[in-house]
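Residues per chain, in single letters:
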Amino acid sequence: DGVLMFQQVPLVEIDGMKMVQTRAILSYIAGKYNLYGKDLKERALIDMYVEGITDLMQMILVFPFSPPEAKEKNLDSIKERATNRYFPVYEKVLKQHGQEFLVGNKFSWADVQLIEAILAVEEKIPAVLSGFPQLQAFKIRMSNMPTIKKFLQPGSPRKPPPDEYYVETVLKIFKK
Amino acid sequence: MAGKPKLHYFDGRGKMESIRWLLAAAGVEFEEEFLETREQYEKLLQGGSLLFQQVPMVEMDGMKMVQTRAILSYIAAKYNLYGKDLKERALIDMYVGGTDDLMGFILIFPFLSAEDKEKQRAVIVQKATSRYFPAYEKVLKDHGQDFLVGNNFSWADVHLLEAILMVEEKKSDVLSGFPQLQAFKARISSIPTIKKFLEPGSQRKRVPDDKYVETVRRVLRMYYDIKAN
């Protein structure tokens, strides 16, 4: 129907647009709902933090589609990156400014992206936050924000961890 | 007022090239420090300059910025190449996302084995001609304007020209089914800042060669095989 600009999903119909490209959609939502900082420099920080988390999440995204023999190695990679590259950065950011949120002392897209990533990694590696007290406190704080708390409750649109059925469905639809 | 932006990367295209293009398009002069040795890289790491231990890194306006997309967005907004409102920004982000995906296939190309290179060349041309170029051809045809978004020169135009030229390096007649894109290429190439960047002696980098691949592997200790996805 020509609705998917690059023949891909996600697709979000919002404000009269048929938006594709995950990053573009997220940026639009963040901009529209004041979750993108107060000026260009805060936006730059949010973008940097979000991009880092996205790189980590990418490893988790592809994990269900990796062959069984590669899964253990991939899991080790996720653990290694989370604990040596990504989590230390956010731990340090929070420790240095001592504020509740990552950027500008205000709730932003970066905070949402980070809590999502923390929970996703914990599903694979339950004790992953054990060396990160700031992130542990951050996780609790974010989980208690009313909108996030609601999203974390059963019955919300939040999706469960990908299972075999999900993988099968995706592969079937995109079969070339 | 801060000095010129300073780019930290290898002496080659990679992920920094889109940043060079955008700065050049905006008429912004910049300096470059080229990573040639492992020691230089470790010095940057130990100095805490690389937030996620990676390059590109751009020193600009008192920040040590990393993450290519964050850097590009900042430059685009600062130099008014990001549309006039949220909706134009959304369009620019969508279009840039597409050209970014297309250039992603080319980014890994130099690191592939000779056999995989031939396969990848075909993939690049196929993706360009059946997925990406038709989308931009349609955008230009539908509104009939000179630029992709809002009748104004933007980051999306710079990124698309960069992508077109890169694909043409893999197959020189790849634009033959796309008259709008041919005209677009000619128009954008003749914008003074872009024209200057396309001339010899500019900071535009050459097509990556074996020496570039060697340097990247050596500096990053990235000796594993890279496979196309």
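Residues numbered from 1 in each chain as written. Chains lettered and ligands numbered in written order. Predicted model: local features only at pLDDT ≥ 70, side-chain atom pairs only at ≥ 80, totals over all residues. Heavy atoms only, no water.

Per an unreviewed UniProt entry, chain B carries the name glutathione transferase and comes from Scopus umbretta. UniProt, in the comment section headed Sequence similarities (unreviewed entry), describes chain B in these words: "Belongs to the GST superfamily. Alpha family." (UniProt positions renumbered as here; feature names shortened; annotations may be inferred.)

Where an unreviewed UniProt entry is consulted, chain A appears under the name glutathione transferase, with the organism given as Scopus umbretta. Note on chain A: under the UniProt heading Sequence similarities (unreviewed entry), the record states "Belongs to the GST superfamily. Alpha family."

Draft legend 1. Representation of the layout of surface pockets in the model. Space inside the second largest pocket adds up to approximately 570 Å³. Considering the residues around the second largest pocket, the lining is formed by 19 residues, among which Val-89, Lys-92 and Val-93 of chain A together with Gly-48 and Leu-51 of chain B are closest to the centre. Counting only elements with at least two residues in the lining of the second largest pocket, the list comes to α2 (40–62) and α3 (68–97) of chain A together with β4 (63–66) of chain B. When the residues that make up the lining of the second largest pocket are grouped by side-chain class, the tally is 10 nonpolar, six polar and three charged. (1 Å grid on protein atoms, 1.4 Å probe; cavity = no way out; pocket = protein on both sides within 12 Å on 5 of 7 lines; lining within 4 Å. Points joined across faces, edges and corners; volume = space filled by probe spheres on them. Helix = DSSP H or I, 4+ residues; strand = E, 2+ residues; numbered from the N terminus. Nonpolar A, V, L, I, M, F, W, Y, C, P; charged D, E, K, R; others polar.)

Draft legend 2. Layout of the domain arrangement of chain B. All names here are of chain B. According to the domain assignment, chain B consists of domain 1 (6–79 + 198–220) and domain 2 (86–190). A straight line from the C-alpha centre of domain 1 to that of domain 2 covers 22 Å. In this assembly, 20 residues from domain 1 lie in contact with 17 residues from domain 2. Surface buried jointly by domain 1 and domain 2 totals about 1,600 Å² across both partners, of which 69% is contributed by carbon and sulfur atoms. (Domains from an automatic or database assignment. Contact = heavy atoms within 4.5 Å. Buried area = accessible area lost by both parts, 1.4 Å probe.)

Draft legend 3. A look at the environment of Arg-43 of chain A. Residue and element names in this part refer to chain A. Tracing the backbone shows Arg-43 in helix α2. Given a relative accessible area of 13%, Arg-43 falls into the buried group. Put simply, Arg-43 and Phe-174 are 131 residues apart on the chain and 35 Å apart in space, counted from C-alpha to C-alpha. (Buried < 20%, exposed > 50% of the residue type's maximum accessible area, 1.4 Å probe, protein only.)

Draft legend 4. Structural view of the interface of chain A and chain B. Opposite the 32 residues of chain A that make contact, chain B presents 33 residues. Buried surface at the junction of chain A and chain B, both sides included, amounts to about 2,900 Å², of which 62% is carbon and sulfur. Looking at the side of chain A facing chain B, the largest losses of area belong to Met-5, Phe-6 and Met-48 of chain A, adding up to 21% of the total buried there. Of all the elements in the fold, those that place two or more residues in the side of chain A that touches chain B are β2 (17–20), α1 (22–32), α2 and α3 of chain A. Counting residues per element, the side of chain A that touches chain B draws most heavily on α2 of chain A, at 10 residues.

Draft legend 5. A look at the UniProt feature "domain: GST C-terminal" (unreviewed entry) in chain B. Using the residue numbers shown here, the UniProt feature "domain: GST C-terminal" (unreviewed entry) corresponds to residues 85–209 of chain B. End-to-end, the C-alpha atoms of residues 85–209 of chain B are 41 Å apart, and along that stretch the chain is 69% helix and 0% strand.

Draft legend 6. Seen up close, α2 of chain A. Residues and elements named next belong to chain A. Compared with an ideal rise of 1.5 Å per residue, which puts 23 residues at 33 Å, α2 spans 32 Å between its outermost C-alpha atoms and is within 8% of the ideal. For α2, the principal kink sits at Leu-56 and spans about 25 degrees. Structurally, the start of α2 carries an N-cap: the backbone nitrogen of Lys-41 is 3.2 Å from a side-chain oxygen of Asp-39. (Expected span 1.5 Å × (residues − 1). Bend = angle between axes of the 7 residues up to and from the residue. Polar contact = N/O pair within 3.5 Å; in protein donor to acceptor, adjacent residues only side chain to side chain.)

Draft legend 7. Examining unusual backbone geometry more closely. Between Val-9 of chain A and Pro-10 of chain A the backbone carries a cis peptide bond, its omega angle lying at 10 degrees. Mapped onto the elements, Pro-10 of chain A comes out in the segment before β1 (11–14). Cis rather than trans, the peptide bond between Val-55 of chain B and Pro-56 of chain B has omega equal to 10 degrees. As for its position among the elements, Pro-56 of chain B is in the loop between α2 (38–46) and β3 (57–60).

Draft legend 8. Geometry of the side chain of Asp-61 of chain B. Residue and element names in this part refer to chain B. The topology assignment puts Asp-61 in the loop between β3 and β4. On the basis of relative accessible area, Asp-61 is assigned to the buried category, the value being 16%. In terms of polar contacts, Asp-61 uses its side chain to reach the side chain of Tyr-74, at 2.6 Å.

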